[in-house]
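# Close look at the chain arrangement
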Amino acid sequence: MTDSKYFTTTKKGEIFELKAELNSDKKEKKKEAVKKVIASMTVGKDVSALFPDVVNCMQTDNLELKKLVYLYLMNYAKSQPDMAIMAVNTFVKDCEDPNPLIRALAVRTMGCIRVDKITEYLCEPLRKCLKDEDPYVRKTAAVCVAKLHDINAQLVEDQGFLDTLKDLISDSNPMVVANAVAALSEIAESHPSSNLLDLNPQSINKLLTALNECTEWGQIFILDCLANYTPKDDREAQSICERVTPRLSHANSAVVLSAVKVLMKFMEMLSKDLDYYGTLLKKLAPPLVTLLSAEPELQYVALRNINLIVQKRPEILKHEMKVFFVKYNDPIYVKLEKLDIMIRLASQANIAQVLAELKEYATEVDVDFVRKAVRAIGRCAIKVEQSAERCVSTLLDLIQTKVNYVVQEAIVVIKDIFRKYPNKYESVIATLCENLDSLDEPEARAAMIWIVGEYAERIDNADELLESFLEGFHDESTQVQLQLLTAIVKLFLKKPTETQELVQQVLSLATQDSDNPDLRDRGYIYWRLLSTDPVAAKEVVLAEKPLISEETDLIEPTLLDELICYIGTLASVYHKPPSAFVEGGRGVVHKSLPPRTASSESTESPETAPAGAPPGEQLDVIPTQGDLLGDLLNLDLGPPVSGPPLATSSVQMGAVDLLGSGLDSLIGAPNFVSPPAAAVPANLGAPMGSGLSDLFDLTSGVGTLSGSYVAPKAVWLPAMKAKGLEISGTFTRQVGSISMDLQLTNKALQVMTDFAIQFNRNSFGLAPAAPLQVHAPLSPNQTVEISLPLNTVGSVMKMEPLNNLQVAVKNNIDVFYFSTLYPLHILFVEDGKMDRQMFLATWKDIPNENEAQFQIRDCPLNAEAVSSRLQSSNIFTVAKRNVEGQDMLYQSLKLTNGIWVLAELRIQPGNPSFMLSLKCRAPEVSQHVYQAYETILKN
């Protein structure tokens, strides 16, 4: 009979019986009793009362019984820490048992008992096991160090276990090496600043030797560790690639993807002229193709990774188009992903093949798939110019099928083709107009209206067509209403005499009868333009449109480089960096590809970064408004969620609907208070990059910490604009935490309650980290002070100006809107001090056109005082020197989203004007960093 019998009993009074059996003299009876206890524990019964009796059973030679007791111990040690100490002696004894399995079992259990009181007793047994003669015990002990570090990091460091772990990387047994690497990587992830995995060519050589003999999981640990290493030159990169390449033929797909990640990263350092580069490209294709013969779930993960690889290096799979052709029995998620990759690989050489496939897909039964296939035909037309004619005729054939959703998708993509190739395919407009009545989806209706408005002079009955849409104006979606308004204004400018009544009708509907602020604003703008200066109106509305780009859904390059470093992980499936979905961001480090080097460069070139710290680090770049997803502020005025934003599909937005979908139904028009315009100084002086090359002999200027500068509170929302509620505030940063310090004053005659706050998307993802807590109702003439904690995990959108923050505050009376400018120094993080060598390499690596110069006037401080004051706001002096009587401060700071800013500050003793030179990969930040310098130094 199997062990399942232990799960079938549900007797009462069982605990008492088990107690007796556990204390029995007969070994078999004891074992049976422990099995019953484990069975009860597994189904959720509380058997913690038996703790002392079960622990007594540890004194046995029977391995099976010992495993069961240890299992019980792991489960209940946390709730019974005092009892768990009883087991310590047995652990110590078991760690010296002649049987290596028992020694390993003891050390594994020790690592799983997460009780502080016990950890110090376990250090001695663990030290012995780390130096055990048996590799099985050593590999188990290596993992135990990582577990112990998670419970008590200080203890592990004091006991010297980390050094022992580093020594295990040189162990003769490959599994011990793999586990030591895994443990060190785990510890390094939770402490990004510690340089535990100090990789050098010697240790890399040992890892590569162990790689061939490890188990598959060991290989993954070693490959992931290799991916974090930056070779010193292209020769070393090639040598590592040659030794990793055999892993591509491994049966485990995780090993294959980890190997692909290492190769993709190190290929950055290889010159494209090398023969080996071409060979490597050819070797990468077959393993990726093989992954697509696995089950659908694995195929999907492989396809998401291939999608990134194809965007980075399309040449790898350019001859493999056929494997991405859809099979009839593929699940929809695999089909859609394959379709995406097909379009990315489409070129003049294979376009005929691709179009034939896509036309076939457009007759399938799955509606979502058909829609995507029709869109794909349009994307091919935009991407491969020579195929545009063939694509348009294919789309016309599909329109002739009269299948409603096919016709609608075709019209949407034809609009894009008109944008890409003006004055080429307009002959098809007549065919499109025939299908006007069948359009019922907002996107298709909006596209058709755009076509009619744009080409009104070629359509005889354009006014009648647009008038037919106007009849149900209020029932249309916002997208259609906005498009209709613009199209009728275009028509009026082209045929003013015939359409005067029509334009007056639409302007009246948009401005007087609509409660959508976006539509109303656009209506007023057109109305004022037409009534004051029709010539200007013509220039604005009928201006020549820029051609649309071929790939609108490519991942932004710096993000793509980061995602390539995460191939084979969740980040590569979500197409988001870990910081976007790992809660709290603990241990999340921004990774980037190494800088490209050519074989002709000297190995000792200062541009070559030290291992693990590439100077060409591709940092986060704030997405532009054109890259945005969905509408801007979908306001749900419950308590704000401080977690990461949910995954959203990538949708290209033409015009930003500033406060659409969600706010317009809450309140008529938002009362935004305009922020003051930022003063823009003239670009002063000549480039200031001189004097950097001999930076290494400088003395570091270190200031004292006195807290970041806090601006006095300013009125953000006057009472007259918020029905009696006045809001004043300022921003602070203290010990890594950002707060919005608010002062709410009730100047109305009624009590205010139910306060809530929400931020619009903004440049740095600022969002409330907790609800707005106003504990008691706010009575008339009462003022309350609140400190609202903020985090930077909100949705990101580039604002104008960059530090603009739009806020909505709700209470029992209404919803109110205001915007304010936050000082950028609240985003300067505490670990913004760059190493000197890194500073020099990064300064040289950032292009000169990214350098900006500013003058700071009327600042009578000396260099020491400047350095000290700036350091208190997390602007760190990396080095200081004196050149021809001038003090030169070289400084670095880092923003919360990982953007580094490097500065050179020239101070002439006795002269109150300083020259500031800033270099940054995101130059739009420089102006605001200069303003932060001014604010900090002058207050």
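Keep in mind that what you see is a predicted model, and the values were worked out from it rather than measured. Along every chain, residues carry numbers that run from 1 in the direction the sequence is written. It should be noted that, the model being predicted, local features are given only for residues of pLDDT at least 70 and side-chain atom pairs only at 80 or more, the latter also being counted only at that level, while totals for whole chains, interfaces and linings use all residues. Neither water nor hydrogens contribute to the side-chain values; these are computed over all heavy atoms in the structure.

## Comments concerning the overall build of the protein
When helices and strands are counted, the protein shows 36 helices and 13 strands. Across the 939 residues in the protein, those meeting the buried criterion constitute 53%. In what follows, a contact means two residues having at least one pair of non-hydrogen atoms within 4.5 Å. Nonlocal contacts in the protein, meaning residues at least 24 apart in sequence, comprise 70% of its contacts between residues at least 6 apart. When the accessible surface of the protein is summed, it comes to about 41,700 Å², and 51% of that surface belongs to carbon and sulfur atoms. Only runs of H or I of at least four residues qualify as helices and only runs of E of at least two qualify as strands under DSSP, and these elements are numbered from the N terminus. Categorising residues by exposure relies on relative accessible area from a 1.4 Å probe, with only protein chains included: less than 20% of the type maximum marks a residue as buried, more than 50% marks it as exposed, and the intermediate range marks it as partly exposed. All accessible areas in this document rest on Shrake-Rupley with a 1.4 Å probe, and a residue is counted as covered only by the protein chains that are shown.

## Some points on the nonpolar core
Counting 214 residues, the largest nonpolar core has Tyr72, Leu126 and Phe418 as its most contacted members. Other than its neighbours up to four places away in sequence, Tyr72 contacts Val37, Ile38, Met41, Val47, Ser48, Leu50, Phe51 and Val54. Buried Ala, Val, Leu, Ile, Met, Phe, Trp, Tyr and Cys residues form a nonpolar core when they are joined through side-chain atoms within 4.5 Å. Counting residues in hydrophobic clusters, the runner-up holds 62 residues, among them Leu717, Leu788, Leu895 and Leu916.

## Points about helix 18 (residues 275-291)
For helix 18, the complete set of buried residues consists of Tyr276, Tyr277, Leu280, Leu281, Leu284, Ala285, Pro287, Leu288 and Leu291. Looking at the packing, one finds that the buried side of helix 18 touches helix 16 (234-244), helix 17 (253-267) and helix 19 (296-312).

## Some words on the sheet that holds strand 6 (residues 783-791)
A pair of strands is considered paired only if DSSP assigns at least 2 bridges between the two. Taken in spatial order, the five strands line up as 1-2-3-6-5 in an open sheet, and their pairing is antiparallel. Among the strands making up the open sheet, the edge pair consists of strand 1 (714-717) and strand 5 (767-768). Pairing geometry for strand 2 (residues 725-734) and strand 3 (residues 737-746), over 10 bridges, is antiparallel. When the bridges of strand 3 are listed, Leu725 appears paired with Asn746.

## A few points about the pairing of strand 13 (residues 914-920)
Judged by how many residues are buried, strand 13 sits mostly within the fold: six of seven residues are covered. Direction of pairing for strand 12 (residues 900-907) relative to strand 13: antiparallel, over a ladder of six bridges. Each residue of the ladder has a partner; that of Ala903, found in strand 13, is Leu918.

## Considering the sheet that holds strand 8 (residues 815-821)
With antiparallel pairing, three strands are arranged side by side in an open sheet as 4-7-8. What marks the edges here is a single partner per strand, and that holds for strand 4 (756-759) and strand 8. In this sheet, neighbouring strand axes are inclined to one another by 25 degrees on average, regardless of whether the strands run parallel or antiparallel. The pairing of strand 7 (residues 804-810) with strand 8 spans seven bridges and is classified as antiparallel. Opposite Val809, over in strand 8, you have Phe816 as the bridge partner. For helices, the fitted axis covers only the stretch in contact; all axes are lines through C-alpha atoms, and the angles between them, taken along N-to-C directions, range from 0 to 180 degrees.

## A look at the packing of aromatic side chains
The description of two aromatic rings rests on the distance between their centres and on the angle between their planes. Two rings from Phe, Tyr or Trp (for Trp, the six-membered ring) form a pair when their centres sit within 6.5 Å of each other. Planes less than 30 degrees apart are called stacked, planes more than 60 degrees apart edge-to-face, and all others tilted. If you walk through the whole model with that rule in mind, you get 11 aromatic pairs. Relative to Phe818, the ring of Trp716 has its centre 6.0 Å away and its plane inclined at 25 degrees; by these criteria the two rings are stacked. Of the two residues, Trp716 is situated in strand 1 and Phe818 in strand 8; the sequence distance between them amounts to 102 residues. Its relative accessible area of 8% is what places Trp716 among the buried residues. On the basis of relative accessibility, which here comes to 0%, the residue Phe818 falls in the buried class. Consider the rings of Phe839 and Tyr890, whose centres lie 6.3 Å apart with planes at 70 degrees: the pair is edge-to-face.

## Things to note about the packing of helix 21 (residues 351-361) against helix 22 (residues 367-383)
For the pair helix 21 and helix 22, interaxial distance at closest approach is 8 Å and the crossing angle is 150 degrees. Taken together, the axes of helix 21 and helix 22 are roughly antiparallel relative to one another. Helix 22 is crossed by helix 21, and the crossing has left-handed handedness. Here Ile351, Val354, Leu355, Leu358, Lys359 and Tyr361 of helix 21 come into contact with helix 22, specifically with Phe369, Val370, Ala373, Ala376, Ile377 and Cys380. In terms of residue class, the contact of helix 21 with helix 22 is built from 11 nonpolar, no polar and one charged. Every angle not falling under 35 degrees, over 145, or within 65 to 115 is termed oblique; those three ranges are roughly parallel, roughly antiparallel and roughly perpendicular. By convention, the crossing between two helices is left-handed when the near helix turns anticlockwise from the far helix through less than a right angle, and right-handed when the turn is clockwise. Asp, Glu, Lys and Arg are counted as charged, while Ala, Val, Leu, Ile, Met, Phe, Trp, Tyr, Cys and Pro are counted as nonpolar; the rest, among them Gly, fall into the polar class.

## Focus on a negative patch on the surface
For patch building, the residue pool is restricted to those with more than 30% relative accessible area and no salt bridge; the joining distance is 9 Å between like charges and 5 Å between nonpolar side chains (Val, Leu, Ile, Met, Phe, Trp, Tyr). Salt bridge, as applied in this entry: a Lys or Arg side-chain nitrogen positioned within 4 Å of an Asp or Glu carboxyl oxygen. Charge counting treats Lys and Arg as positive and Asp and Glu as negative, with His and both chain ends excluded. Every charge is mapped onto a representative atom, which is NZ of Lys, CZ of Arg, CG of Asp or CD of Glu. There is a patch of like negative charges on the surface, built from Glu464, Glu467, Glu471 and Glu501. Residue placement: Glu501 occurs in helix 29 (residues 500-511).

## What about unusual backbone geometry?
The residue after Glu800, namely Pro801, is reached through a cis peptide bond having omega -5 degrees. For Pro801, the location among the structural elements is in the loop between strand 6 and strand 7. Phi is positive for Asp858, close to 50 degrees, though the residue is something other than glycine. With respect to the helices, strands and loops of the structure, Asp858 is situated in the loop between strand 9 (851-856) and helix 35 (863-871). Judged by relative accessible area, Asp858 falls into the exposed class, the value being 61%.

## Considering the environment of Glu337
Counting through the fold element by element, Glu337 comes out in helix 20 (residues 332-345). With a relative accessible area of 8%, Glu337 lands in the buried category.

## Examining the pairing of strand 10 (residues 876-883)
Of all eight residues in strand 10, six are buried, a share of seventy percent or more. Note: strand 10 against strand 11 (residues 886-894), seven bridges, orientation antiparallel. Directly across from Lys880, in strand 11, lies its bridge partner Leu889. Count of turn residues in the strand 10/strand 11 antiparallel hairpin: two residues, of which Glu884 carries a positive phi of about 50 degrees.

## Considering the pattern of salt bridges
If you walk through the whole model with that rule in mind, you get 35 salt bridges. Glu268 is the salt-bridge partner of Lys312, the closest N and O atoms lying 3.6 Å from each other. With Lys312 in helix 19 and Glu268 in the loop between helix 17 and helix 18, the pair connects residues that are 44 residues apart, well separated along the chain. By relative accessible area, Lys312 is classed as partly exposed at 22%. Classification of Glu268 by relative accessible area gives buried; the value is 10%. In this structure, Asp397 and Lys359 form a salt bridge, with 3.1 Å as the shortest nitrogen-oxygen distance.

## A few points about the environment of Val784
Structurally, the position occupied by Val784 is in strand 6. For the pair Val784 and Thr745, spaced 39 residues apart in the sequence, the C-alpha separation amounts to 6.6 Å. With near-sequence residues (within four places) excluded, Val784 lies in contact with Leu742, Gln743, Leu744, Val774 and Leu778.

## Thoughts on the side chain of Lys495
Mapped onto the elements, Lys495 comes out in the loop between helix 28 (478-494) and helix 29. Despite its burial, Lys495 remains without a salt bridge, the nearest opposite charge being carried by Glu498 at 4.8 Å. Pairs of N or O atoms are called polar contacts if they sit within 3.5 Å, as long as, within protein, a hydrogen donor faces a hydrogen acceptor (for residues adjacent in sequence, only side-chain-to-side-chain pairs). Looking at Lys495, its side chain comes within polar contact range of the main-chain oxygen of Ile459, at 3.3 Å. Not counting the four nearest positions on each side in its chain, Lys495 is found in contact with Ala456, Glu457, Ile459 and Asp460.

## Some thoughts on helix 20
With 14 residues, helix 20 extends 20 Å from end C-alpha to end C-alpha; this agrees with the ideal 20 Å at 1.5 Å per step. Extensive coverage of helix 20 is indicated by the burial of 11 of its 14 residues. Buried within helix 20 are the following residues: Val334, Lys335, Glu337, Lys338, Leu339, Asp340, Ile341, Met342, Ile343, Arg344 and Leu345. If you follow the buried residues of helix 20, they end up packed against helix 19, helix 21 and helix 22. Given the number of residues in a helix, its expected span is that number minus one, multiplied by 1.5 Å.

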